Amino acid sequence: MDASVLSDFSCGIDSMDEFIHQELQNYLWMGSCQMYVIYEGNEIVAMFCLDNHNLCLSETAKEKMREGTKPIPTNAPEPDSSYWYRTFYDAIEITYLAVVKERQHQHIGSFIIERIMDKLAHDSEICCDFVTVRALKHENYSAVPFYQKCGFYPAEREIEGRNLFMYRIVSR
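A brief structural summary. Worth saying up front: this structure is predicted, and the values here are computed from it rather than measured. (Residues numbered from 1 in each chain as written. Predicted model: local features only at pLDDT ≥ 70, side-chain atom pairs only at ≥ 80, totals over all residues. Heavy atoms only, no water.)

## Points about the overall build of the protein
Counted only if it meets this: Each helix is a run of H or I in the DSSP string that is no shorter than four residues. Each strand is a run of E no shorter than two, and both are numbered from the N terminus. For the radius of gyration, the atoms used are the C-alpha atoms, and the globule rule reads 2.2 Å times the number of residues raised to 0.38. Here's how the labels work: a residue is buried when its accessible area is under 20% of the maximum for its type, exposed when over 50%, partly exposed in between, all with a 1.4 Å probe on protein chains only. Per-residue and other accessible areas follow the Shrake-Rupley method at a 1.4 Å probe size, with only the shown protein chains counted as cover for residues.
Scanning the protein for helices and strands turns up five helices and eight strands. Along the protein, helices (α) and strands (β) appear in the sequence α-α-β-β-α-β-α-β-β-β-α-β-β when read from the amino end. Relative to the globule expectation of 16 Å for 172 residues, the C-alpha radius of gyration of the protein, 17 Å, shows essentially globular dimensions. C-alpha extents for the protein along the principal axes are approximately 55 × 40 × 30 Å. Expressed as a percentage of its 172 residues, the buried residues of the protein come to 42%. In the structure as shown, the protein presents an accessible area of about 10200 Å², 49% of it carried by carbon and sulfur atoms.

## Re the nonpolar core
Here is the rule: Residues belong to one nonpolar core when they are buried, are Ala, Val, Leu, Ile, Met, Phe, Trp, Tyr or Cys, and are joined through side-chain atoms within 4.5 Å. For this analysis, residues touch if any pair of their heavy atoms sits within 4.5 Å.
In terms of nonpolar packing, the biggest core is built from 46 residues, with Leu 6, Phe 9, Leu 24, Met 47, Ile 94, Tyr 147 and Phe 152 touching the most fellow members. In contact with Phe 9, other than residues within four places in its own chain, are Asp 17, Ile 20, His 21, Ile 44, Val 45, Ala 46, Met 47, Ala 98, Val 99 and Val 100. The next biggest cluster of nonpolar side chains, apart from the first, holds 12 residues, and it includes Leu 55, Tyr 83, Ala 91 and Tyr 167.

## Let's talk about helix H4 (residues 108–122)
The α-helix advances 3.6 residues per turn, and as a result positions three or four apart in sequence lie on the same side. Which entries qualify depends on this criterion: An expected span of 1.5 Å times one less than the residue number is assigned to each helix.
The terminal C-alpha atoms of H4 lie 21 Å apart, and with 15 residues this matches the ideal 21 Å at 1.5 Å per residue to within 8%. Within the sequence span of H4, burial applies to Ile 108, Gly 109, Ile 112, Ile 113, Ile 116, Met 117, Leu 120 and Ala 121. Against strand E1 (34–40), strand E2 (43–56), strand E3 (88–99), strand E4 (130–135), helix H5 (144–149) and strand E8 (164–169) lie the buried residues of H4.

## A word on the packing of aromatic side chains
Defined as follows: Here a Phe, Tyr or Trp ring, Trp counted by its six-membered ring, pairs with any other such ring whose centre lies within 6.5 Å, and the pair is stacked when the planes are under 30 degrees apart, edge-to-face when over 60, and tilted otherwise. Ring-over charges, as used throughout, are those where CZ of Arg or NZ of Lys falls within 6 Å of the ring centre and within 35 degrees of the ring normal.
Applying the stated criterion across every chain, the model contains nine aromatic pairs. Judged by centre distance (5.4 Å) and plane angle (80°), the rings of Tyr 147 and Phe 152 are edge-to-face. For the pair Tyr 147 and Phe 152, a shared accessibility class is recorded, and that class is buried. On the numbers, 6.0 Å between centres and 35° between planes, the contact of Tyr 153 with Tyr 167 is tilted. Residue Tyr 153 is found in strand E7 (residues 153–154), and its partner Tyr 167 is found in strand E8; the two are separated by 14 residues along the sequence. Take Tyr 153: its relative accessible area is 33%, and that puts it in the partly exposed class. Taking relative accessible area as the criterion, Tyr 167 reaches 1% and is therefore assigned buried. An aromatic cluster is defined as three or more aromatic residues linked by ring pairs; in this entry it consists of Tyr 89, Phe 130, Tyr 153 and Tyr 167. Across the ring face of Phe 111, the terminal group of Arg 115 is positioned such that the distance to the ring centre comes to 4.6 Å.

## Points about the pattern of salt bridges
The line we're drawing: Salt bridge, as applied in this entry: a Lys or Arg side-chain nitrogen positioned within 4 Å of an Asp or Glu carboxyl oxygen.
Enumeration according to the criterion identifies six salt bridges in this entry. Here Glu 40 makes a salt bridge to Arg 103, at a shortest N to O gap of 2.8 Å. With Glu 40 in strand E1 and Arg 103 in the loop between E3 and H4, this pair connects stretches of sequence that are 63 residues apart. One salt bridge connects Arg 168 with Glu 114, and the closest N-O pair in it is separated by 2.7 Å. Highlighted residues: Arg 168 in strand E8 and Glu 114 in helix H4, separated in sequence by 54 residues.

Just geometry here; none of it tells us what the structure is for.
Written as structure tokens, this is what we have:
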């Protein structure tokens, strides 16, 4: 798909709109992500991009999962399995997700995330345990609360002024 279909798209976040209009096409040409556009009738209401990714879990995070203080993948084996000694875990990354400004706060973004999660949970050809995202954060906007409401957890310590890397477990 060509990013030119988003020429009139605006989510109201200047940095995101600038990226969509000036840089996204290069990412698509390089194969860095796959873009999806959501229409209602003839109007675009949202867009998102997905890419293959890896999640590096710290020993502390894995320990919390084994102890039950953090959610654990439903297909994860017993605590003594070699699964827990891996450094990287297969993931799908939501590289971009934006809803047109006039349609925000209507649960469109969370609906998209739930459809992504359902697809990953039920498609036997896609093998991953996690979905990741770098939640946008800057002085006037933070996507972190949105992703937390959608079931994502921080994968790193939060640093002021920097996007937050987050993950959610794919339930199979």
